[in-house]
Amino acid sequence: MKKFLIALSMCLMAVMPLRAAYMLIPMDESGQKDHMKAYGITYWVLDQGIEAWWLLNYRGGSFAFHHNRLFELECLTRGVSFEIIPDGKFNQILAEVEQPEVNMSAMKLEVAPKIAVYAPEFNNRGERVQPWDDAVTLVLSYAEIPYETIYDTEVLNDMLPKYDWLHLHHEDFTGQYGRFYRGGSTQAWYRENQRRMEALASSLGFAKVSQLKLEVVKKIKEYVRGGGFMFAMCSATDTYDIALAADGVDICANMYDGDAADPNAQSKLDFSKTFAFKDFELIPDPLVYEYSTIDHYLSRRISPDQDYFTLFDFSAKWDPVPTMLTQNHTRTVKGFMGQTTAFKKQFIKSNVLILGENKPADEARYIHGTYDLGFWTFYSGHDPEDYRHLLNDPETDLSLHPNSPGYRLILNNILFPAAKKKKRKT
């Protein structure tokens, strides 16, 4: 009904003697009151069947679309800053950003991507199975961007092709329950999660949770191969690649799967199967809260007040994909920790694009790559506005951080699939 009213409104506007105009959603530091909800407005406009523009590197990566009174009211309702400009002024902006000497470009956004979040379900009492929240679901909810939740059953039943964009919730794809055994094995939530995961694996025909997760990882890999967009944060990044490298190798100790790990597991890893990482070593002690040497956490010596990473500045005209993924109102982003806090650069494959790094620490925080027809992005850390998020900590209130540059990186990835790719000049 709402879409019908918008369409009717636009038809009425077409026959009225109104001066053509655009709505500009500025995304620079001083021009936007709520960056998070600005992405939600742009998604909402696309979801009404209206095209939009993403003005890369123009005022922090601003958005624009045809002016409509309903769009204006929606911005006012959500607290999003906007400017109404005549079409002549908008055409001047397009001409400006396409000048060869400036590092800007205009990207057409066409269709709102359908979003899936891979996450465990709630139990029959409506309680969280695991005592942590997820930055992506937080920002999707705050920005009012719709999404659907799926998990192992849906993935194995080939539901992924229904979606344009997939987020991997905080997950351990190696089947080691987050390596929380030492501190969590006596906790009710840990025991319940293990019981539920073992029951799920059995119901789907797997003897072990690690075998179930490996099959899920392979299904997601095929989804990306076919043109899907996959985004992961925290432990869903390195454990995804570890599971791929350990295909056919038992890397789980007996407290995780009932039998001992293969003592020669390290030598049997196949790094040709991974998306991002190579030559890493597994952490053999099953009681250590770490999976491998990919994560920089154990040897990291950076004080919280000095923990920042820098976004690379890409060519908007020749490298539009990384440019879209790094749009922000600042190039310096406050660091934040997680089960996977940062990626050691020595273990990143040469064909992987580093989007953000802490150069003095020789670590990457934000990386991207392609696999056949699809794209993937790994973003380390747990919550961009909660430096050291602990189990059972309350959720971040994003209304207190409406201009978070760390959360903007997540939302860049969400709008990325909506972009119409330009043909490169030859």
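Residues numbered from 1 in each chain as written. Predicted model: local features only at pLDDT ≥ 70, side-chain atom pairs only at ≥ 80, totals over all residues. Heavy atoms only, no water.

Trainee: What's the story with the nonpolar core in this structure? I'm lost.
Mentor: One recurring pattern in soluble globular proteins: nonpolar side chains tend to sit buried together. Counting 61 residues, the largest nonpolar core has L109, Y379 and I410 as its most contacted members. At eight residues, helix 2 (residues 35-47) tops the list of elements feeding residues into this core. Excluding residues that lie within four positions of it along the chain, L109 makes contacts with T42, L46, E51, A52, W54, F63, L415, A418 and A419. (Core = buried A, V, L, I, M, F, W, Y, C linked by side-chain atoms within 4.5 Å. Buried < 20%, exposed > 50% of the residue type's maximum accessible area, 1.4 Å probe, protein only. Helix = DSSP H or I, 4+ residues; strand = E, 2+ residues; numbered from the N terminus. Contact = heavy atoms within 4.5 Å.)

Trainee: What's the story with the sheet that holds strand 4 (residues 83-86) in this structure? I'm lost.
Mentor: Hydrogen bonds between backbone groups are what pair the strands of a sheet, and the pairing can be parallel or antiparallel. Strand order in the open sheet made by the five strands is 4-1-3-2-5, with antiparallel pairing throughout. The open sheet has two edge strands with one neighbour each: strand 4 and strand 5 (105-109). Strand after strand, the sheet turns through a mean of 30° between neighbouring axes, direction not considered. Sitting on the sheet, helix 3 (residues 69-78) touches strand 1 (21-25), strand 3 (62-66) and strand 4, and the angle it makes with strand 1 is about 20°. Sheet contacts for helix 4 (residues 87-97): strand 1, strand 2 (52-56), strand 3, strand 4 and strand 5; angle to strand 4, the most-contacted strand, approximately 90°. (Pairing = 2+ DSSP bridges. Axes fitted to C-alpha atoms, helices over the stretch in contact; angles between N-to-C directions.)

Trainee: Explain the packing of aromatic side chains to me, please; I cannot follow it from the model alone.
Mentor: The description of two aromatic rings rests on the distance between their centres and on the angle between their planes. Counted according to the given criterion, the structure contains 30 aromatic pairs. Geometrically, the ring pair formed by F229 and F416 is edge-to-face, given 5.1 Å between the ring centres and 85° between the ring planes. One end of the pair, F229, is in strand 9 (residues 229-233); the other, F416, is in the segment after helix 14 (405-415), with 187 residues separating them in the sequence. Classification of F416 as buried rests on a relative accessible area of 2%. With a centroid separation of 5.2 Å and an interplanar angle of 55°, the aromatic rings of F277 and F343 are classed as tilted. Of the two residues, F277 sits in the loop between helix 12 (265-268) and strand 10 (308-311) while F343 sits in strand 12 (residues 343-344), which places them 66 residues apart along the sequence. Taken individually, F277 and F343 each receive the classification buried, so the pair is uniform in this respect. Over the aromatic face of Y308 sits the side chain of K334, whose NZ or CZ is 5.2 Å from the ring centroid. (Phe/Tyr/Trp six-rings, centres within 6.5 Å; stacked < 30°, edge-to-face > 60°. Lys NZ or Arg CZ within 6 Å of the ring centre and 35° of its normal.)

Trainee: For this particular structure, what's the right way to read the environment of D28?
Mentor: Take D28: it is sitting in the loop between strand 1 and helix 2. Classification of D28 by relative accessible area gives buried; the value is 18%. Separated by 302 residues in sequence, D28 and T330 place their C-alpha atoms 8.4 Å apart. Sequence-distant contacts of D28, defined by excluding residues within four places in its chain, comprise H35, R59, G60 and H329.

Trainee: What should I look at first to understand helix 4 in this one?
Mentor: An α-helical turn contains 3.6 residues, so a residue and the one three or four places further along point in the same direction. Listed as buried for helix 4 are F90, I93, L94 and V97. All buried residues of helix 4 lie within an arc of 100° about the axis, which places them on one face of the element. Considering only its buried residues, helix 4 is in contact with strand 1, strand 2, strand 3, strand 4 and strand 5. (Arc of directions from axis to C-beta.)

Trainee: When you look at the packing of helix 5 (residues 135-143) against helix 14 in this model, what are you seeing that I'm missing?
Mentor: When two helices pack together, their arrangement is given by the angle between the helix axes and the distance between those axes. Viewed as axis vectors pointing N to C, helix 5 and helix 14 meet at an angle of 75°, and their least axial separation amounts to 10 Å. Between helix 5 and helix 14, the crossing angle belongs to the class labelled roughly perpendicular. Contacts between helix 5 and helix 14 involve A135, V136, L138, V139, L140 and A143 from the former and Y407, I410, L411 and I414 from the latter. (Parallel < 35°, antiparallel > 145°, perpendicular 65-115°, else oblique.)

Trainee: Help me understand the side chain of S210 in this model?
Mentor: Along the polypeptide, S210 turns up in helix 9 (residues 209-225). Those residues in contact with S210 that sit more than four places away from it in its chain are T174, G175 and C252.

Trainee: Looking at this model, I keep getting lost on the pattern of salt bridges. Mind explaining?
Mentor: Note that side chains of opposite charge can pair when their charged atoms are close. Tallying each qualifying case throughout the model produces 25 salt bridges. Note that K108 and E51 form a salt bridge whose closest N and O atoms lie 3.1 Å from each other. Separated by 57 residues along the polypeptide, K108 in strand 5 and E51 in the loop between helix 2 and strand 2 bring together distant segments of the chain. With its nearest N and O atoms 3.9 Å apart, the salt bridge here joins K114 to E148. You can see K114 sitting in the loop between strand 5 and strand 6 (115-118) and its partner E148 sitting in strand 7 (residues 148-150), a full 34 residues away along the chain. On the basis of relative accessible area, K114 is assigned to the partly exposed category, the value being 33%. What you see here is one network of salt bridges that share partners, running through K37, E74, R78 and E144. (Salt bridge = Lys/Arg side-chain N within 4 Å of Asp/Glu carboxyl O.)

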